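Chain residues, written in single-letter form:
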Amino acid sequence: MEKLDPDQLQFVEILAKLMMEHEVFREEYSEEDFREVITWLRKLRSQIDITIEMLEERQGG
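Below is a short write-up of the structure. All of these numbers come straight from a predicted model, not from anything done at the bench.

Reading guide: rules and limits
Residues numbered from 1 in each chain as written. Predicted model: local features only at pLDDT ≥ 70, side-chain atom pairs only at ≥ 80, totals over all residues. Heavy atoms only, no water. Helix = DSSP H or I, 4+ residues; strand = E, 2+ residues; numbered from the N terminus. Rg over C-alpha atoms; globule rule 2.2 N^0.38 Å. Buried < 20%, exposed > 50% of the residue type's maximum accessible area, 1.4 Å probe, protein only. Areas by Shrake-Rupley, 256 points an atom, 1.4 Å probe, with all protein chains shown as cover. Patch = residues over 30% accessible without salt bridge, like charges linked within 9 Å, V, L, I, M, F, W, Y side chains within 5 Å. Salt bridge = Lys/Arg side-chain N within 4 Å of Asp/Glu carboxyl O. Lys, Arg positive; Asp, Glu negative; His and termini not counted. Charge placed at Lys NZ, Arg CZ, Asp CG, Glu CD. Expected span 1.5 Å × (residues − 1). Polar contact = N/O pair within 3.5 Å; in protein donor to acceptor, adjacent residues only side chain to side chain. Contact = heavy atoms within 4.5 Å. Core = buried A, V, L, I, M, F, W, Y, C linked by side-chain atoms within 4.5 Å.

On to the overall build of the protein. Of regular secondary structure, the protein possesses 2 helices and 0 strands. In terms of overall size, the protein is more extended than a compact globule, its C-alpha atoms giving a radius of gyration of 15 Å where 61 residues would be expected to give roughly 10 Å. Taking the principal axes of the C-alpha coordinates as reference, the protein spans close to 45 × 30 × 20 Å. Taken over 61 residues, the protein has a buried fraction of 10%. On the protein, roughly 6,000 Å² of surface is accessible, and the fraction owed to carbon and sulfur atoms is 55%.

Printed below as a string of structure tokens:
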């Protein structure tokens, strides 16, 4: 089993904290729950992508 490097571990910890704050964790998951989690993760991914693009533009500009 591979261990996460420090950056990956930090990202997983941040993601887990966000998921707890948004009450994404459940004891059991229904199909609806899975859809909601996937939707939430996609929104988070798009916000991360937007933020990266803004930062890159600011850095280059």
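This is not the end of the story, as more comes after the structure.
A contiguous patch of negative charge, built from Asp-49, Glu-53, Glu-56 and Glu-57, is present on the exposed surface. Of note, Glu-57 is situated in helix H2 (residues 31-60).

Here we come to helix H1 (residues 6-21). The terminal C-alpha atoms of H1, which comprises 16 residues, lie 23 Å apart, in line with the 22 Å expected from a rise of 1.5 Å per residue. With a side-chain oxygen positioned 3.0 Å from the backbone nitrogen of Asp-7, the residue opening H1 is Asp-5. Immediately beyond the C-terminal end of H1, within one or two residues, lies Glu-23, with a positive phi of roughly 50°.

All right, on to a nonpolar patch on the surface then. Together, Leu-4, Leu-9, Phe-11, Val-12, Ile-48 and Ile-52 give the surface a local cluster of nonpolar side chains, amounting to about 510 Å² of exposed area. When contributions to the nonpolar patch are tallied by element, the ones reaching two or more residues are H1 and H2. In this fold, Leu-4 is placed in the segment before H1. Given a relative accessible area of 47%, Leu-4 falls into the partly exposed group.

On to the side chain of Asp-33, then. The topology assignment puts Asp-33 in helix H2. Leave out the neighbours within four places in its chain, and Asp-33 touches Arg-26 and Glu-28.

With 5 residues, the main nonpolar core is built from Met-19, Val-24, Val-37, Trp-40 and Leu-44. In terms of residues, this core owes the most to one element, H2, which gives 3 residues. Beyond its immediate stretch of four places on either side in the chain, Leu-44 contacts Leu-15 and Leu-18.

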